[in-house]
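Spelled out from the first residue to the last, the chains are:
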Amino acid sequence: MFRFLSEMKAFAGVRPADIADLIEDVSEAAAVGGEVVTPPGPIAVMFGGLRITDPDGRSVDVIGTGDFWVPAPSQTATASSATNYLILPDRAVDLAWEGEVGRAVLSGRQETAGDELRLISRLVSDVMDVPLVVGGHTAAQVVAEAMTLEGATSALVSVGDRLGIVTDQDFRARMVAAGRDSSGPVRDIATFPVTTIDADDRLLTALEVMVDRGIKHLPVLSDGRPVGVVADSDLFGTIDESPFAIRSAIRGARNAAALADVYSTMPKVVQRLLDEGMEGLAISRLLANFAEGATKRAIEWVTGELGSSPAPFTWVSFGSLARREPALLPDQDHALVIADGHGKDPWFEQLASGVTDVLEQVGYPRCNGGVMASEPDWRGEKGEWAQRWNSYLLDSSPIHLLESQIVFDSRVIHGDAEMAGSFVELRARARDAGPFLVRLAKHALDFRPPLGFMGRLQTERGGEHAGTFDLKAGAILPIVQFARIHALAIDAPEVETVARLEAAAAAGEVSDELSSMLIEGYELATTIRLEHQVARWRNGDDPDNRVDPDELTSWRRMGLREVFKAIKSAQEALSLNFQTGLVS
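About the thresholds
Residues numbered from 1 in each chain as written. Predicted model: local features only at pLDDT ≥ 70, side-chain atom pairs only at ≥ 80, totals over all residues. Heavy atoms only, no water. Helix = DSSP H or I, 4+ residues; strand = E, 2+ residues; numbered from the N terminus. Rg over C-alpha atoms; globule rule 2.2 N^0.38 Å. Buried < 20%, exposed > 50% of the residue type's maximum accessible area, 1.4 Å probe, protein only. Contact = heavy atoms within 4.5 Å. Areas by Shrake-Rupley, 256 points an atom, 1.4 Å probe, with all protein chains shown as cover. Salt bridge = Lys/Arg side-chain N within 4 Å of Asp/Glu carboxyl O. Pairing = 2+ DSSP bridges. Phe/Tyr/Trp six-rings, centres within 6.5 Å; stacked < 30°, edge-to-face > 60°. Axes fitted to C-alpha atoms, helices over the stretch in contact; angles between N-to-C directions. Core = buried A, V, L, I, M, F, W, Y, C linked by side-chain atoms within 4.5 Å. Left-handed = near helix turned anticlockwise from the far one by under 90°. Nonpolar A, V, L, I, M, F, W, Y, C, P; charged D, E, K, R; others polar. pLDDT = per-residue confidence, 0-100. Right-handed = clockwise from strand over helix to strand, strands pointing away.

Colleague: Can you break down the overall build of the protein chain residue by residue, with the values?
Modeller: Tallying secondary structure elements over the protein chain gives 23 helices and 20 strands in all. Taken over the C-alpha trace, the protein chain has a radius of gyration of 26 Å; the compact-globule value for 584 residues is 25 Å, and the two agree within 12%. In terms of its C-alpha atoms, the protein chain occupies a principal-axis envelope of roughly 75 × 75 × 45 Å. Looking at the protein chain as a whole, 50% of its 584 residues are labelled buried. Put simply, of all contacts in the protein chain between residues at least 6 apart along the chain, 71% involve residues at least 24 apart. Carbon and sulfur atoms form 48% of the exposed surface of the protein chain, whose accessible area is close to 26300 Å².

Colleague: Give a description of unusual backbone geometry that names residues and reports values.
Modeller: Of note, the bond from Phe 192 into Pro 193 is cis; its omega dihedral lies within 30 degrees of zero at -15°. The phi dihedral of Asp 491 is positive, around 55°, even though this residue is not glycine. By the element assignment, Asp 491 lies in the loop between helix H20 (471-489) and helix H21 (497-506). For Asp 491, a relative accessible area of 33% corresponds to the partly exposed category.

Colleague: So what about the pattern of salt bridges? Which residues, and what values?
Modeller: Charged atoms that come close allow side chains of opposite charge to pair. Following the criterion strictly, the structure yields 24 salt bridges and no others. A salt bridge links Lys 296 to Glu 292; its shortest N-O distance comes to 3.3 Å. Here the residue Lys 296 and the residue Glu 292 both occupy positions in helix H13 (residues 280-306), the gap between them amounting to four residues, near one helical turn. Between Arg 297 and Glu 300 there is a salt bridge, and its shortest N-O distance comes to 2.6 Å.

Colleague: Explain the sheet that holds strand S3 (residues 43-47) residue by residue, including any values.
Modeller: Taken in spatial order, the four strands of this open sheet run S1-S8-S3-S6, and their pairing is antiparallel. Each of the sheet's edge strands pairs with one partner strand only, and the pair in question is strand S1 (27-31) and strand S6 (68-69). Bridge analysis of S3 against S6 gives two bridges, and the strand direction is antiparallel. Each residue of the ladder has a partner; that of Ile 43, found in S6, is Trp 69.

Colleague: Before we move on, could you go through the packing of aromatic side chains and cite the residues and values that matter?
Modeller: Considering all chains together, one arrives at 14 aromatic pairs under this definition. Centre to centre, the rings of Trp 385 and Phe 423 are 5.4 Å apart; their planes meet at 45°, and the pair counts as tilted. Of this pair, Trp 385 sits in helix H16 (residues 382-394) while Phe 423 sits in helix H18 (residues 421-430), and the two are 38 residues apart along the sequence. For Phe 423, a relative accessible area of 1% gives the class buried.

Colleague: Account for the environment of Ala 475, naming residues and giving values.
Modeller: If you trace the backbone, Ala 475 turns up in helix H20. In this structure Ala 475 comes out as buried when scored by relative accessible area, which is 0%. Between the C-alpha atom of Ala 475 and that of Ala 566, which follows or precedes it by 91 residues, the distance is 9.9 Å.

Colleague: I'd like a description of the sheet that holds strand S15 (residues 313-318), backed by residues and values.
Modeller: Spatially, four strands are ordered S17-S16-S15-S18 in an open sheet, and the strand pairing comes out mixed. The outermost strands of the open sheet, each flanked by one partner alone, are strand S17 (379-381) and strand S18 (410-414). Neighbouring strand axes in the sheet, compared pairwise and without regard to direction, differ in orientation by 30° on average. Here five bridges tie S15 to strand S16 (residues 334-338), and the two strands are oriented antiparallel to one another. Across the sheet, Thr 314 pairs through a bridge with Val 337, a residue of S16. Set on the sheet, H13 makes contact with S15 and S18; between it and S18 the angle comes to about 45°. Contacting S16 and S17, H16 runs over the sheet at an angle of about 105° to S17.

Colleague: Could you give an account of the side chain of Arg 324, naming the residues involved and the relevant values?
Modeller: Along the polypeptide, Arg 324 turns up in the loop between helix H14 (319-323) and S16. Taking the relative accessible area as the measure of exposure, Arg 324 reaches 13% and is therefore buried. Apart from residues no more than four positions distant in its own chain, Arg 324 is found in contact with Asp 212, Ser 284, Arg 285, Ala 288, Asn 289, Glu 292, Arg 411 and Glu 496.

Colleague: Tell me about H21, residues and numbers included.
Modeller: Buried residues of H21: Thr 497, Arg 500, Leu 501, Ala 503, Ala 504 and Ala 505, and no others. Just beyond H21, the residue with positive phi is Gly 508, at close to 80°.

Colleague: Outline the nonpolar core, listing residues and values.
Modeller: Core analysis: the biggest nonpolar cluster contains 125 residues, and Phe 318, Leu 336, Phe 423 and Leu 518 have the highest contact counts within it. Looking at which element gives the most residues to this core, the answer is H13, with 13 residues. Once residues lying within four places of it in the same chain are set aside, the contact partners of Phe 318 are Asp 333, His 334, Ala 335, Val 371, Trp 378, Ile 406, Val 407, Asp 409, Ser 410 and Phe 423. Counting residues in hydrophobic clusters, the runner-up holds 19 residues, among them Ala 10, Phe 11, Ala 92 and Leu 95.

Colleague: Go over the packing of helix H6 (residues 140-150) against helix H7 (residues 168-176) with me, naming the residues and quoting the values.
Modeller: Running from N to C, H6 and H7 point in directions that differ by 145°, and their axes come no closer than 11 Å. Here H6 runs over H7; the crossing is left-handed. Only Asp 168, Phe 171 and Met 175 of H7 make contact with H6, whose side of the interface consists of Ala 140, Val 143, Ala 144 and Met 147. Its residues assigned to classes, the contact of H6 with H7 comprises six nonpolar, no polar and one charged.

Colleague: Requested: an account of the pairing of S15, with residues and values cited.
Modeller: Consecutive residues of a regular strand have side chains that alternate between opposite faces of the sheet. Counting buried positions along S15 gives six out of six residues, so the element sits mostly inside the fold. Here four bridges tie S15 to S18, and the two strands are oriented antiparallel to one another. Counterpart to Val 316 in the pairing with S18 is Val 412.

Colleague: So what's going on with the environment of Val 142? Which residues, and what values?
Modeller: Mapping Val 142 onto the fold places it in helix H6. Measuring from C-alpha to C-alpha, the distance between Val 142 and Leu 203 comes to 32 Å, with 61 residues separating the pair along the chain.

Colleague: I'd love a proper account of the confidence of the model for the protein chain, names of residues and values included.
Modeller: Detailed reading of the predicted coordinates is not advisable wherever pLDDT is low. Summing up the model confidence of the protein chain, the mean pLDDT is 87 and the portion of residues at 70 or higher is 94%. In this model, residues 99-117 is a region of pLDDT below 50 whose contacts with residues beyond four sequence positions or in other chains number 22 contacts.

Colleague: Can you tell me about the pairing of S16, naming the residues and giving the values?
Modeller: Judged by how many residues are buried, S16 sits mostly within the fold: five of five residues are covered. Burial of the side chains of S16 extends over both faces: His 334, Leu 336 and Ile 338 are buried on one face and Ala 335 and Val 337 on the other. Examined bridge by bridge, S16 and S17 share three bridges and lie parallel to one another. The partner of Ile 338 across the bridge, within S17, is Glu 381. In this region the chain leaves S16, passes through helix H15 (residues 346-362) and returns to the parallel neighbour S17; the handedness of that crossover is right-handed.

Colleague: Quick one: what's the story with the environment of Gly 66, residue by residue and with numbers?
Modeller: Residue placement: Gly 66 occurs in the loop between strand S5 (59-64) and S6. A residue is classified by how much of its surface remains accessible, and Gly 66, at 9% relative accessible area, is buried. A sequence separation of 19 residues divides Gly 66 from Tyr 85, and the C-alpha atoms of the two residues are 9.3 Å apart. In this structure, Gly 66 is in contact with Phe 4, Met 8, Val 45 and Trp 555, ignoring residues within four places of it in sequence.

Now the structure itself:
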């Protein structure tokens with residue numbers, strides 16, 4: 001506890017004797033996700049997080065692991081997930097930010113107040129601009145003049161109860177380039193319907209929505225009425241290392257070399273997002289978005305060189321990219337589904353090889369296990385895939401168990417989703433394949449959390465990985481597999497790990513408390529992995545999953561211990577519920 005408090009930014013530089021004095025009157029407490037926390041005094045969050053709201057229910061702050069918070073009468077704190085915290089004596093308020101380092105941190109916060117506050121602490125309403133709202137019948141030229149006068153890059157367009165948007169790009173592409181008469185109604189060049197966000201949502205949510213939808217302007221609503229607009233420049237300005245710059249560069253890249261240049265900036269983007277306080281899973285979703293964009297560009301280039309496709313095809317992504325949870329450098333995992341009767345056409349072999357080559361040039365390594373459309377086993381006709389999955393459910397051999405887990409996490413990147421219907425059907429049918437599901441559960445127990453005697457973090461004793469543990473094998477994979485198996489057991493369509501855990505809890509398959517602990521743990525492990533991989537990249541090393549616990553802060557280590565304990569409990573429940581001891 002002494003080291004934990006000493007390493008907190010709030011108490012950085014405070015005399016050890018003063019911290020030791022605090023510990024005498026410290027008590028521990030815990031809350032489950034959704035529980036309102038009403039501590040009698042200041043607290044320090046050891047694991048989890050709190051959402052702070054004002055009397056109107058609007059979010060005003062987010063308190064995470066290692067943060068110090070003093071309750072205010074007008075504020076309400078709600079645990080965002082399973083949370084452990086220390087209740088400190090009132091005199092902690094006088095010590096907080098009093099050390100030399102602490103004062104420097106606080107000074108830095110004060111100097112960067114306002115526009116430079118971290119995204120994690122800010123709401124959409126903090127940065128949104130007053131919207132220019134026009135009627136749909138207004139002449140386009142009049143709207144363009146109003147935008148110029150206001151210095152706006154967009155205008156909201158109202159047509160009855162429908163809301164649309166027109167941007168400066170729309171004027172260039174839909175009016176000037178298309179040769180439209182500028183006296184025509186603006187509704188003819190506006191976009192309907194429009195994606196919106198609530199004024200009380202966090203800026204991080206706006207960032208995710210805008211990057212995911214590929215938009216630069218996001219109308220803001222309050223009680224259903226437009227009250228503002230957020231633009232990409234409001235979040236990161238015009239810097240090159242931003243998610244919006246990456247997205248635009250991917251769309252504008254004309255070859256693999258240009259895309260590789262874009263990809264080389266990815267670690268800088270991740271570092272910036274981590275510095276802004278963005279959670280690991282949110283960053284992973286952005287990385288998945290970028291990978292999907294790169295794949296689509298690769299397919300465009302290769303098909304452009306090969307000419308028209310002789311038959312319909314669908315490109316399917318697997319694994320962490322399909323779950324939208326990749327690390328910094330995810331391997332390629334994909335397959336190609338071809339219309340029946342055309343599987344042997346050399347055009348599709350050239351397509352698969354070409355796309356795989358492009359993605360490798362960009363920076364996505366080839367799969368060591370060969371799970372790529374360029375390999376004959378992962379390229380086939382629609383009917384062949386259906387037959388293959390049927391055989392897997394009947395014969396749960398080790399290789400079939402391994403490959404089925406890959407397929408259970410799938411997402412269509414290009415083409416008709418119906419072509420890959422057998423991939424979805426396999427998930428649905430797994431629930432009724434009792435022995436198969438049991439063996440899948442037993443296989444999931446092969447990955448154990450690195451917990452040693454008395455709950456200590458266990459590391460490798462010798463060899464090149466001495467003093468480290470594998471965060472992917474010890475935390476990320478066990479949670480992914482636990483979530484997947486329970487989703488299959490209830491025939492849940494979700495693919496993302498968090499969504500699967502939430503669905504399992506909603507169906508009563510998993511307790512709310514365990515689900516909350518695993519979700520929080522998955523978030524923490526994902527964040528630590530990205531931080532670790534970016535740090536290795538900065539040092540000129542290849543990103544990996546080997547973490548040295550001595551390089552983590554005390555609250556990070558404490559949090560991981562809680563995660564590993566939750567995984568251990570989850571695996572014990574998995575073994576009991578699926579009776580894995582009855583199969584060899």
